[in-house]
Amino acid sequence: MRACLIATAVLGAMSVAGAARAEIVSAGPNGFNLRHVAETPNVAPPVIWAALADIAKWWDPEHTYSGDARNLSLEPSVRGCFCEKLSLYAGIEHGTVVYAQPAKTLRVNGALGPLQEFGVNGVMTWQIEAAAGGSRITFTYNVGGFADRPLADWAPIVDEVLGGQLQRLARYVTNGNPAAPAPRQEPSKP
């Protein structure tokens, strides 16, 4: 993912259509655990599941190698690929689906972005459950191994990028547009 996990996108709009929570659960020299939760009122779990597979419509193109989210694909079945096409024979496997329970859990094994070049592995889990007339999405990413610096240093960067992806998914399923709402401008006074 191009400047992918290194880019520092501002996530000023952490609330989507409901409450959103984020945290670095733990971080140390050899790994970190992230958790993000988003509430999606009036959106049933099967809709969330279908949207996960339609990743090109909601993933931030700034966090791709190609610069175009339409080059992403995610096959939500065991051994399915979370992949990105670069050209005719070039591409990236961001991860492989290791657990799929439709409308409930999707687990992808893989080190994302610049973490791929290190001796690390990551496990990304999308847990979907019915909640308060809609759905709750709990997203976790657990990384362990060896990198160019302590993995705890990578945790805030990865946390910001992946938290942004969950927010884009939540906005996509609730209002059809993954982009953050434009800031409201106050009328100028003469």
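Residues numbered from 1 in each chain as written. Predicted model: local features only at pLDDT ≥ 70, side-chain atom pairs only at ≥ 80, totals over all residues. Heavy atoms only, no water.

Quick word on helix H1 (residues 45–53)
In step 1: Regarding H1, the residues found buried are Pro-45, Ile-48, Trp-49, Ala-51 and Leu-52. Projected down its long axis, H1 carries its buried residues within an arc of 165°, all on one side. (Buried < 20%, exposed > 50% of the residue type's maximum accessible area, 1.4 Å probe, protein only. Helix = DSSP H or I, 4+ residues; strand = E, 2+ residues; numbered from the N terminus. Arc of directions from axis to C-beta.)

Some words on the pairing of strand S7 (residues 119–131)
In step 1: Across 5 bridges, the pairing between strand S6 (residues 105–109) and S7 is antiparallel. Its bridge partner being in S7, Val-108 is matched across the sheet by Met-124. (Pairing = 2+ DSSP bridges.)

Comments concerning the nonpolar core
In step 1: Formed by 42 residues in total, the largest nonpolar core has its most connected members in Phe-32, Phe-82, Leu-115, Trp-126, Tyr-141 and Leu-169.
In step 2: Only strand S2 (31–41), H1, strand S3 (72–74), S6, S7, strand S8 (134–146) and helix H2 (151–175) provide two or more residues apiece to this core.
In step 3: With residues up to four places along the chain from it excluded, the contact list for Leu-169 reads Ala-51, Leu-52, Trp-58, Trp-126 and Ile-137. (Core = buried A, V, L, I, M, F, W, Y, C linked by side-chain atoms within 4.5 Å. Contact = heavy atoms within 4.5 Å.)

Section: the packing of aromatic side chains
In step 1: Across all of its chains, the model carries 5 aromatic pairs by this definition.
In step 2: Ring centres of Trp-58 and Trp-126 lie 5.8 Å apart, and the angle between their planes is 80°; on these two criteria the pair is classed as edge-to-face. One end of the pair, Trp-58, is in the loop between H1 and S3; the other, Trp-126, is in strand S7, with 68 residues separating them in the sequence.
In step 3: Between Phe-118 and Trp-154 the ring centres are 5.8 Å apart and the planes differ by 55°, which places this aromatic pair in the tilted class. Highlighted residues: Phe-118 in the loop between S6 and S7 and Trp-154 in helix H2, separated in sequence by 36 residues.
In step 4: With a relative accessible area of 3%, Trp-154 lands in the buried category.
In step 5: Each member of the aromatic cluster is reached from another via a ring pair, and the members are Trp-58, Trp-59, Phe-82, Trp-126 and Phe-139.
In step 6: In this arrangement the basic side chain of Arg-107 is found over the ring face of Tyr-99, its NZ or CZ atom lying 5.1 Å from the centre.
In step 7: Positioned above the aromatic ring of Trp-154 is the side chain of Arg-149, whose terminal nitrogen or guanidinium carbon lies 4.3 Å from the ring centre. (Phe/Tyr/Trp six-rings, centres within 6.5 Å; stacked < 30°, edge-to-face > 60°. Lys NZ or Arg CZ within 6 Å of the ring centre and 35° of its normal.)

Here we look at the state of the cysteines
In step 1: Enumeration over the complete set of coordinates arrives at 1 disulfide.
In step 2: Here Cys-81 is linked by a disulfide to Cys-83, with a sulfur-sulfur distance of 1.4 Å. Here the S-S torsion is close to 55°, and the disulfide linking Cys-81 with Cys-83 is therefore right-handed. Considered together, Cys-81 and Cys-83 belong to a single accessibility category, that of buried residues. (Disulfide = S-S within 2.5 Å.)

A short note on the pattern of salt bridges
In step 1: Enumeration according to the criterion identifies 5 salt bridges in this entry.
In step 2: The shortest N-O distance in the salt bridge between Glu-23 and Arg-35 comes to 2.9 Å. Of this pair, Glu-23 sits in strand S1 (residues 20–28) while Arg-35 is found in strand S2, placing the two residues 12 residues apart along the sequence.
In step 3: For Arg-35, a relative accessible area of 33% puts it in the partly exposed group.
In step 4: Measuring nitrogen to oxygen at the nearest pair gives 3.4 Å for the salt bridge that ties Lys-57 to Asp-54.
In step 5: Residue class for Lys-57 comes out partly exposed when judged on its relative accessible area of 48%.
In step 6: A relative accessible area of 29% places Asp-54 in the partly exposed class.
In step 7: Through salt bridges with shared partners, one network takes in Glu-39, Glu-129 and Arg-136. (Salt bridge = Lys/Arg side-chain N within 4 Å of Asp/Glu carboxyl O.)

Section: H2
In step 1: For H2, with 25 residues, the first-to-last C-alpha span of 35 Å sits near the 36 Å given by 1.5 Å per residue.
In step 2: Most of H2 sits inside the fold, with 19 of its 25 residues counted as buried.
In step 3: Looking one or two places after H2, you find Gly-176, whose phi comes out positive at around 80°. (Expected span 1.5 Å × (residues − 1).)

Regarding the pairing of S6
In step 1: As paired strands, strand S5 (residues 91–101) and S6 are joined by 5 bridges and run antiparallel to one another. Opposite Gln-101, over in S6, you have Thr-105 as the bridge partner.

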